[in-house]
Amino acid sequence: MPKPKPDTTALPCHIAIIMDGNGRWAKQRGKPRLMGHRAGVESVQDIVRAVRELGIGVLTLYAFSTENWKRPPLEVQALMGLLKTFLESELSTMVHNDVSLRCLGQTDRIPPEVRAVMERVTRETASNSGLILNLALSYGGRSEITQAVQAIARKCADGVLSPEAIDQAVIEQHLYTAGLPDPDLLIRTGGETRLSNFLLWQASYAELYFTEILWPDFRKQDLLTAILEFQQRQRRFGKTGEQAEQTPEHCS
Ligand code: IPE
Ligand code: IPE
Ligand code: MG
């Protein structure tokens, strides 16, 4: 029997993914953690392709958190190297597939040689509009909100913004995701059921989907399963079920 397919008229506009479980995937195979991260790159390629094909506008991938800097230096170094190679090798595919790369996070902490590649790929894909691919790197939701507060406070101190004018829209404009829709569907692989400091502001009404599948095993069919479940949920945004039925909110 063919697997059910998601309704292409009700797809999420923005999918965010916490790509977790690489280390455990490697451990299960008696391999070093780095092998799990390497295998995870194939999932990234498969999922980016699938999201692009579905015509979903924004994909945010959590690749490295502000807390991940606390990992053993050798693992951090290996992850940075993997990231650099990935971006270098994906540039032509991104250009070909009309994908625009953006990096969200404390980029000043990223080693200069990796940052240079990040900036080059961002620049060379900036005019693409088929898919916005956000890579959350050295990203933390709390640090994102903190830097937004600092920027807003500076504007107030400089007299260009009054405290009374600060509303949710102003805060949104100072986040890394300024101008983008909030994630509708947030997926976490690897079995943990927590946010780990990911998109704390933006995910306030995201549908959360947790799966035991480890990231290196996560493929297009698993994404479609998550989207199918998303489509079975009723998003009420605080309203009653009856109200939500009458005026369903949808992004596209
Ligand atoms: C996710 O996999 C990748 C990063 C956090 C960089 P992990 O490395 O956290 O894998 P587990 O959770 O140890 O299995
Ligand atoms: C979250 O995974 C960060 C990324 C996937 C990049 P972690 O493995 O760092 O999360 P915790 O430490 O288990 O919460
Ligand atoms: Mg983990």
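Residues numbered from 1 in each chain as written. Chains lettered and ligands numbered in written order. Predicted model: local features only at pLDDT ≥ 70, side-chain atom pairs only at ≥ 80, totals over all residues. Heavy atoms only, no water.

(A) Region of the structure containing the environment of Gly-40. Following the sequence through the fold, Gly-40 ends up in helix H2 (residues 33-54). By relative accessible area, Gly-40 is classed as buried at 3%. As a C-alpha pair, Gly-40 and Asp-222 span 182 residues in sequence and 14 Å in three-dimensional space. Leaving out residues up to four positions away in the same chain, Gly-40 has contacts with Asn-22, Trp-215 and Pro-216. (Helix = DSSP H or I, 4+ residues; strand = E, 2+ residues; numbered from the N terminus. Buried < 20%, exposed > 50% of the residue type's maximum accessible area, 1.4 Å probe, protein only. Contact = heavy atoms within 4.5 Å.)

(B) Quick look at the sheet that holds strand E6 (residues 207-210). Judged by pairing direction, the sheet is parallel, and its 6 strands sit side by side in the order E3-E4-E2-E1-E5-E6 without closing on themselves. A strand with exactly one partner marks an edge of an open sheet, and here the two such strands are strand E3 (99-104) and E6. Looking at each pair of strands side by side, their axes are set apart by 20° on average, direction ignored. With 4 bridges connecting them, strand E5 (residues 185-188) and E6 associate as parallel partners. Bridging from a neighbouring strand, Leu-185 pairs with Glu-207 of E6. Helix-sheet contacts for helix H3 (residues 73-96) involve strand E2 (58-65), E3 and strand E4 (131-139), and the interaxial angle to E4 is about 165°. Together, strand E1 (14-18), E5 and E6 form the strand contacts of helix H7 (residues 220-232), whose direction differs from that of E5 by roughly 135°. (Pairing = 2+ DSSP bridges. Axes fitted to C-alpha atoms, helices over the stretch in contact; angles between N-to-C directions.)

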